[in-house]
Amino acid sequence: MGTDLHELLRSLRVWDVELPSFDPASAPAEPLPLFVEWFAEAVAAGQTEPHTMTLATSDEDGLPDVRIVMLHGADADGWAFATHATSRKGRQLAARPYAALSFYWPTQGRQIRLRGPVEVAPAQEGQADLHARSTGALAAALVGRQSEVLGSMEELGRASDGAWDRAQSDPDAPAPTWTLYRLRPEEVEFFQGDARRRHVRLVYRRTEEGWLKELLWP
């Protein structure tokens with residue numbers, strides 16, 4: 001017999017751990033310091049791949065798209081990620097340079113949501129960011145052709161082998177379409193889960209005077 005999905009779903013439990021508390025009154029005036037604090041706590045708690053995040057974009061017709069990408073940094077200029085400018089998400093960002101990010105750290109029942117305009121970093125910054133990463137990251141970037149139709153796995157194998165050889169022999173090899181993007185948030189929400197469903201939701205909204213903090217009903 002096949003798996004009963006509904007029974008399986010009903011058997012699952014969330015946050016079967018002791019969750020941290022969060023007093024929004026103690027939150028800093030800007031979202032970046034709180035993000036760094038929560039990120040460090042997720043790492044300390046053993047959260048798997050805390051630097052992965054969901055990136056949501058929309059195409060030129062306004063249709064949404066979503067995928068998991070890696071955080072490359074966060075500072076006053078925004079939250080950074082990278083991809084090929086010729087990829088699906090790269091083309092979508094060129095058509096509609098606005099996106100949303102989401103982090104979920106179940107070890108602590110926390111999520112962080114951001115949305116705002118996206119800017120392209122200078123090309124030299126994108127290449128420097130790529131070359132500071134692993135050989136595998138460079139090899140993947142050198143393969144290129146992201147989101148294009150693939151004829152066969154054998155074709156991918158040949159391209160990947162060649163890219164690995166080049167990445168190992170020339171660690172500064174350029175990947176022209178590899179692009180670093182920065183999302184400059186207009187809104188950042190911090191969600192702290194609670195076992196009794198009294199979740200804490202604190203949202204920061206960017207205004208001309210600075211950041212406005214508000215609580216939201218869960």
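Residues numbered from 1 in each chain as written. Predicted model: local features only at pLDDT ≥ 70, side-chain atom pairs only at ≥ 80, totals over all residues. Heavy atoms only, no water.

Trainee: Which residues make up the UniProt feature "domain: Pyridoxine 5'-phosphate oxidase dimerisation C-terminal" (unreviewed entry) in the chain, and what values do they have?
Mentor: Per the UniProt annotation, the sites labelled "domain: Pyridoxine 5'-phosphate oxidase dimerisation C-terminal" (unreviewed entry) are residues 178-218. The span residues 178-218 shows a helical share of 0% and a strand share of 66%, and its end C-alpha atoms are spaced 39 Å apart. (UniProt positions renumbered as here; feature names shortened; annotations may be inferred. Helix = DSSP H or I, 4+ residues; strand = E, 2+ residues; numbered from the N terminus.)

Trainee: Talk me through unusual backbone geometry; I want residue IDs and the actual numbers.
Mentor: Outside of glycine, negative phi angles account for most residues, and trans bonds account for most peptide bonds. One non-glycine residue, W15, adopts positive backbone phi at about 55°. Among the structural elements, W15 can be located in the loop between α1 (5-11) and α2 (31-44). Under the relative-accessibility criterion, W15 is labelled buried at 17%. Located in the positive-phi region is S147, a residue other than glycine, with phi close to 80°. Counting through the fold element by element, S147 comes out in the loop between α5 (135-143) and α6 (153-169). (Buried < 20%, exposed > 50% of the residue type's maximum accessible area, 1.4 Å probe, protein only.)

Trainee: Give a detailed account of the nonpolar core, specifying residues and quantitative values.
Mentor: Formed by 28 residues in total, the largest nonpolar core has its most connected members in F103 and I112. Those elements that place two or more of their residues in this core are α2, β1 (52-58), β4 (78-84), β5 (98-105), β6 (110-120), β7 (178-183), β8 (187-192) and β9 (200-207). Leaving out residues up to four positions away in the same chain, I112 has contacts with F35, W38, L101, S102, F103, W105, V188, E189 and F190. (Core = buried A, V, L, I, M, F, W, Y, C linked by side-chain atoms within 4.5 Å. Contact = heavy atoms within 4.5 Å.)

Trainee: An account of helix α3 (residues 88-95) is requested, with residue identities and associated values reported.
Mentor: Taken as a whole, α3 has its buried residues at K89, G90, Q92 and L93. Along the axis of α3, the buried residues cluster in a sector spanning 165°; they form a single face. Against β1, β2 (64-70), β4, β5, β6 and β7 lie the buried residues of α3. (Arc of directions from axis to C-beta.)

Trainee: Quick one: what's the story with the environment of P50, residue by residue and with numbers?
Mentor: Locating P50 in the fold gives a position in the loop between α2 and β1. Linking P50 and A40, residues 10 residues apart in sequence, is a C-alpha distance of 9.2 Å. If near-sequence neighbours (up to four positions away) are discounted, P50 is found in contact with F39, A42, V43, F103 and W105.

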